[in-house]
Amino acid sequence: QVQLVESGGGLVQPGGSLRLSCAASGFFFNIYTMGWYRQAPGKQRELVATVTTADTTTYADSVKGRFTISRENAKTTVYLQMNSLKPEDTAVYYCRAFRGSAYDYWGQGTQVTVSS
C-alpha cells in the first residue's frame, strides 16, 4: 500500500535549521510531483514547496531563500532543508505525492516547533 513517512521534525531555536525527510513506498515515485505542506494551529494547511518529476521547484513566498526542497528518486525520498527558522514556521509539516487529479497521497505529518 502507499506510504509516505515523514521524519526529522522537532524543537529548534529561532535561526536554527532542520532537515525533513519523507520516505515513499507503494507507488512509482519517479512520476509523481512531491510537495511539502504545513498546518499551524488554527490555520489552514498551506503549500510550502513542491518539486516536479523534472526537478522544477516552487516555494511559498514566506520560505523563499530559506527552505530548499529536493528529491532522490533512487531512494524514493523527498527532503526539505529548512534554514533560518522563525517562530512562524511552527506547524505540522506534511508530505504529499500527486499526479493529476486521480492520484493524491499524504503522509501523517511531523511537528516542527521553533521556539527559544
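Residues numbered from 1 in each chain as written. Predicted model: local features only at pLDDT ≥ 70, side-chain atom pairs only at ≥ 80, totals over all residues. Heavy atoms only, no water.

Help me get a handle on the packing of aromatic side chains, residues and values and all.
Enumeration according to the criterion identifies six aromatic pairs in this entry. Measuring from ring centre to ring centre gives 4.8 Å for Phe-27 and Tyr-32, while their planes differ by 65 degrees; the resulting arrangement is edge-to-face. Take Phe-27: its relative accessible area is 15%, and that puts it in the buried class. Consider the rings of Phe-27 and Tyr-105, whose centres lie 5.5 Å apart with planes at 45 degrees: the pair is tilted. Linking Phe-27 in the loop between β3 (18–25) and β4 (33–39) with Tyr-105 in strand β10 (residues 103–106), this pair joins segments that are 78 residues apart in sequence. Following the ring pairs from residue to residue traces out a cluster consisting of Phe-27, Phe-29, Tyr-32, Tyr-103 and Tyr-105. The ring of Tyr-94 is capped by Arg-45, whose NZ or CZ atom sits 3.7 Å from the centre of that ring. (Phe/Tyr/Trp six-rings, centres within 6.5 Å; stacked < 30°, edge-to-face > 60°. Buried < 20%, exposed > 50% of the residue type's maximum accessible area, 1.4 Å probe, protein only. Helix = DSSP H or I, 4+ residues; strand = E, 2+ residues; numbered from the N terminus. Lys NZ or Arg CZ within 6 Å of the ring centre and 35° of its normal.)

Please provide a residue-by-residue account of the sheet that holds β3, values included.
Strand order in the open sheet formed by four strands is β1-β3-β8-β7, and the pairing between neighbours is antiparallel. Here the strands that pair on one side only, and so sit at the sheet edges, are β1 (3–7) and β7 (67–72). Neighbour-to-neighbour, the strand axes of this sheet turn through a mean angle of 15 degrees, independent of strand direction. Sheet topology note: the β1/β3 ladder contains five bridges and is antiparallel. For Val-5, the partnering residue across the bridge sits in β3 and is Ala-23. (Pairing = 2+ DSSP bridges. Axes fitted to C-alpha atoms, helices over the stretch in contact; angles between N-to-C directions.)

Give a detailed account of the environment of Arg-96, specifying residues and quantitative values.
Considering the arrangement of structural elements, one finds Arg-96 in strand β9 (residues 91–99). When the C-alpha atoms of Arg-96 and Ala-74 are compared, they prove to be 18 Å apart, with 22 residues separating the residues in sequence. The contact partners of Arg-96, leaving out residues within four places of it in the chain, are Leu-4, Thr-33, Met-34, Gly-35, Tyr-37, Asp-104, Tyr-105 and Trp-106. In this structure the side chain of Arg-96 is engaged in a polar contact, spanning 2.8 Å, whose partner is the side chain of Tyr-37. Here Asp-104 takes part through its side chain, which lies 2.9 Å from a polar atom of the side chain of Arg-96. (Contact = heavy atoms within 4.5 Å. Polar contact = N/O pair within 3.5 Å; in protein donor to acceptor, adjacent residues only side chain to side chain.)

Just geometry here; none of it tells us what the structure is for.
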